[in-house]
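Spelled out from the first residue to the last, the chains are:
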Amino acid sequence: MFAITSLFLIASFVRGQANSSLEFLPNVPISIESAPWQVSIRLKAIDLEFYGDGHLCGGTVISQRVVLTAAHCVVNEELAYELQGVLQVIYRQPEEFTIVMGTDSLIQNTPFTLQFDVAELVVHEAFNFKTLVNNVAMFLITDFIPWDWPTVEAIPLNINSEVNGVICTTTGWNLTEDNASSSILRESIVPITNRSLCQELYGDLTSDLLCAGFRENSPHAFCEGDTGGPLVCSGYLTGIILEGNSCAETGFLGLYVNVLYHYNWIIAKNKTFDYGHVVPIYDDTSLDYFNSNDDARQPKNFGNVSDDPPKGYAVSKGNQIKHSYITIIYCLVYLVWNNKKQRKENE
C-alpha cells in the first residue's frame, strides 16, 4: 500500500507539472499501517445511533493508554456562555466519549478495529477557547492497547525544534462542516512554514503555535473533523491540528499546536492518571502483564527513542525507514515545485 501511495503522489505531481498553474499534491487515501497512531474521537451517544456519525476530532496514540488531542475537542459548545464579558467553557465528561483506532475506515468496524471508552481526561489549565492558546488535552483510555496489535502503534513526541521547509504529513478523514467526509483515512503533505509569513496571515502568534502548508493555490491540508489529529515530521509527533479556516480556502496556512512547547505539560499530566483503574475488554490472560502500575506509568514513548525501544511505544525501525523514505520523496517533490515557482516569478 505504501508503494502504491508513493506512486500516486509522484503521478499526481507529474500531472500537476503539465499545468500552467502552481498546484501541489492533494491529500491521498492511505492505509492505517501508514499512520497507526491515528484515532477517531467520537461522541458515544451519536455513534451508537449510526457508526461513524459520532466522529468529532482526530487524536494521536502516544502511549499504551494515552491519546493526545486538542482541547477544543472536549468543549461542549452548546453549554458555553458569557459571564461579565468572559466566555465560560463547559467541558464534556469522559463517559461521553469513545475512541476508535486501528482502522482507516471511519464507518466500518474491521477485524483490527479497537474501541475504548475514556477513563479520564485532562485539559490544559490555561486553555483559552477564544484565542485557542494552550489548545491541548489528553485522554486516558479504559484499557491497555496490546503491545503487538498490528494496526495500532504509539508515536514518540518531538523534542527538537523543526526548521522551516521540513516536510511533514497530516492525516484525517477530512470531515467538513456540512458533514461531507472521506470514509477512508487520508494524508496530506505540508512543509513547516516561516513564522513571519504565518504572522502576516494570522497576526501575532503565541509560542505554542506553528504553521505548515502551502500558501499559493493550495487549500488547507485538513478540515473541521481532522482537528486534534497529528502533524508528523520525520516520524515524530510535532503538532496537533488546530481549528482554523475552511479546508476549501486557498491562501491560508495550517495552524498547529506545537507539541515541543507542551512537552513538559504532557509528561507531568501523564503522571497524574490513575493507571490502576482498568476496565478490561479482552479475554486474553497475557494482558495481565499490563496491570502493573509501575510499568504502565513509565512514559516510555516520551523523549528520545533508544536504539532498542520497548515494543509498542517507540516507532519501529520499519516505520522509521518508511517515514525516512516518505520524507526523501516529499523533499524531492517540494524542491521541483519550488524551482518551478521561482522560474515563474522571474518571468
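This one's a predicted model, so the numbers in the text were calculated from it and none came from an experiment.

Visitor: Give a description of the overall build of the protein chain that names residues and reports values.
Guide: If you tally the helices and strands in the protein chain, you get six helices and 15 strands. Across the 347 residues of the protein chain, 52% fall into the buried class. Taking the intrachain contacts of the protein chain between residues at least 6 apart in sequence as the baseline, contacts between residues at least 24 apart amount to 71%. As displayed, the protein chain offers around 15,600 Å² of accessible surface, 52% of which is attributable to carbon and sulfur atoms.

Visitor: I'd like a description of the sheet that holds strand S3 (residues 55-61), backed by residues and values.
Guide: What the six strands build is a closed barrel, ordered S2-S3-S4-S9-S8-S7; its pairing is antiparallel. The sheet shows a mean angle of 40° between the axes of neighbouring strands, taken without regard to direction. Where S3 meets strand S4 (residues 66-69), two bridges bridge the pair, whose relative direction is antiparallel. The residue of S4 that forms the bridge with Val 61 is Val 67. Contacts from helix H4 (residues 263-270) reach S4, strand S8 (114-123) and strand S9 (137-141) within the one sheet, and its direction differs from that of S9 by about 30°.

Visitor: For the nonpolar core, give the residues involved together with the corresponding values.
Guide: Core analysis: the largest hydrophobic core is formed by 61 residues, its most contacted members being Val 61, Val 67, Leu 68, Ile 99 and Met 101. Leave out the neighbours within four places in its chain, and Val 61 touches Trp 37, Val 39, Val 66, Val 67, Met 101, Ile 145, Val 152, Glu 153, Ala 154 and Ile 155. Core analysis: the next-biggest nonpolar cluster, separate from the first, contains ten residues, Val 166, Cys 168, Ile 192 and Cys 233 among them.

Visitor: Could you give an account of the sheet that holds strand S14 (residues 236-241), naming the residues involved and the relevant values?
Guide: Here seven strands make up an open sheet; going across it, the order is S1-S11-S10-S13-S14-S15-S12 and the pairing antiparallel. The outermost strands of the open sheet, each flanked by one partner alone, are strand S1 (28-29) and strand S12 (209-212). Looking at chain direction, S1 and strand S11 (residues 186-191) are connected through two bridges and run antiparallel. Across the sheet, Val 28 pairs through a bridge with Glu 187, a residue of S11.

Visitor: Before we move on, can you summarise the packing of aromatic side chains with the specific residues and values?
Guide: Under the criterion given, the structure shown has three aromatic pairs. Seen from their ring centres, Phe 97 and Phe 139 are 5.2 Å apart, and the 70° between their planes marks the pair as edge-to-face. Here Phe 97 is found in strand S7 (residues 97-101), whereas its partner Phe 139 is found in strand S9, with 42 residues between them in sequence. Relative to Trp 149, the ring of Phe 112 has its centre 6.4 Å away and its plane inclined at 80°; by these criteria the two rings are edge-to-face.

Visitor: Account for unusual backbone geometry, with residues named and values stated.
Guide: With phi around 65°, Leu 132 is a residue other than glycine that occupies positive phi space. Along the chain, the position of Leu 132 falls in the loop between S8 and S9. In the Ramachandran plot, Ser 234 falls in the positive-phi region, its phi being about 55° despite a non-glycine side chain. Residue position: Ser 234 is located in the loop between strand S13 (230-233) and S14. On the accessibility criterion, Ser 234 (44% relative accessible area) is partly exposed.

Visitor: Hey, could you go over the state of the cysteines for me, with residue numbers and the actual values?
Guide: For the structure shown, the criterion picks out three disulfides. Paired by a disulfide, Cys 57 and Cys 73 hold their sulfur atoms 2.1 Å apart. Given an S-S torsion of about -95°, the disulfide between Cys 57 and Cys 73 has left-handed geometry. In this pair, Cys 57 is assigned in strand S3 and Cys 73 in the loop between S4 and strand S5 (81-83), connecting sequence segments 16 residues apart. Accessibility assignment for this pair places Cys 57 and Cys 73 in one class, buried. With its sulfur 2.0 Å from that of its partner, Cys 168 forms a disulfide with Cys 233. When the S-S torsion is 100°, as for the bridge of Cys 168 with Cys 233, the disulfide is right-handed. Of this pair, Cys 168 sits in strand S10 (residues 167-172) while Cys 233 sits in strand S13, and the two are 65 residues apart along the sequence.

Visitor: I'd like to hear about the side chain of His 72, residue by residue, with values.
Guide: Structurally, His 72 is set in the loop between S4 and S5. Reaching out from His 72, the side chain makes a polar contact with the side chain of Thr 227 at a distance of 3.1 Å.

So, how was this worked out
Residues numbered from 1 in each chain as written. Predicted model: local features only at pLDDT ≥ 70, side-chain atom pairs only at ≥ 80, totals over all residues. Heavy atoms only, no water. Helix = DSSP H or I, 4+ residues; strand = E, 2+ residues; numbered from the N terminus. Buried < 20%, exposed > 50% of the residue type's maximum accessible area, 1.4 Å probe, protein only. Contact = heavy atoms within 4.5 Å. Areas by Shrake-Rupley, 256 points an atom, 1.4 Å probe, with all protein chains shown as cover. Pairing = 2+ DSSP bridges. Axes fitted to C-alpha atoms, helices over the stretch in contact; angles between N-to-C directions. Core = buried A, V, L, I, M, F, W, Y, C linked by side-chain atoms within 4.5 Å. Phe/Tyr/Trp six-rings, centres within 6.5 Å; stacked < 30°, edge-to-face > 60°. Disulfide = S-S within 2.5 Å. Polar contact = N/O pair within 3.5 Å; in protein donor to acceptor, adjacent residues only side chain to side chain.

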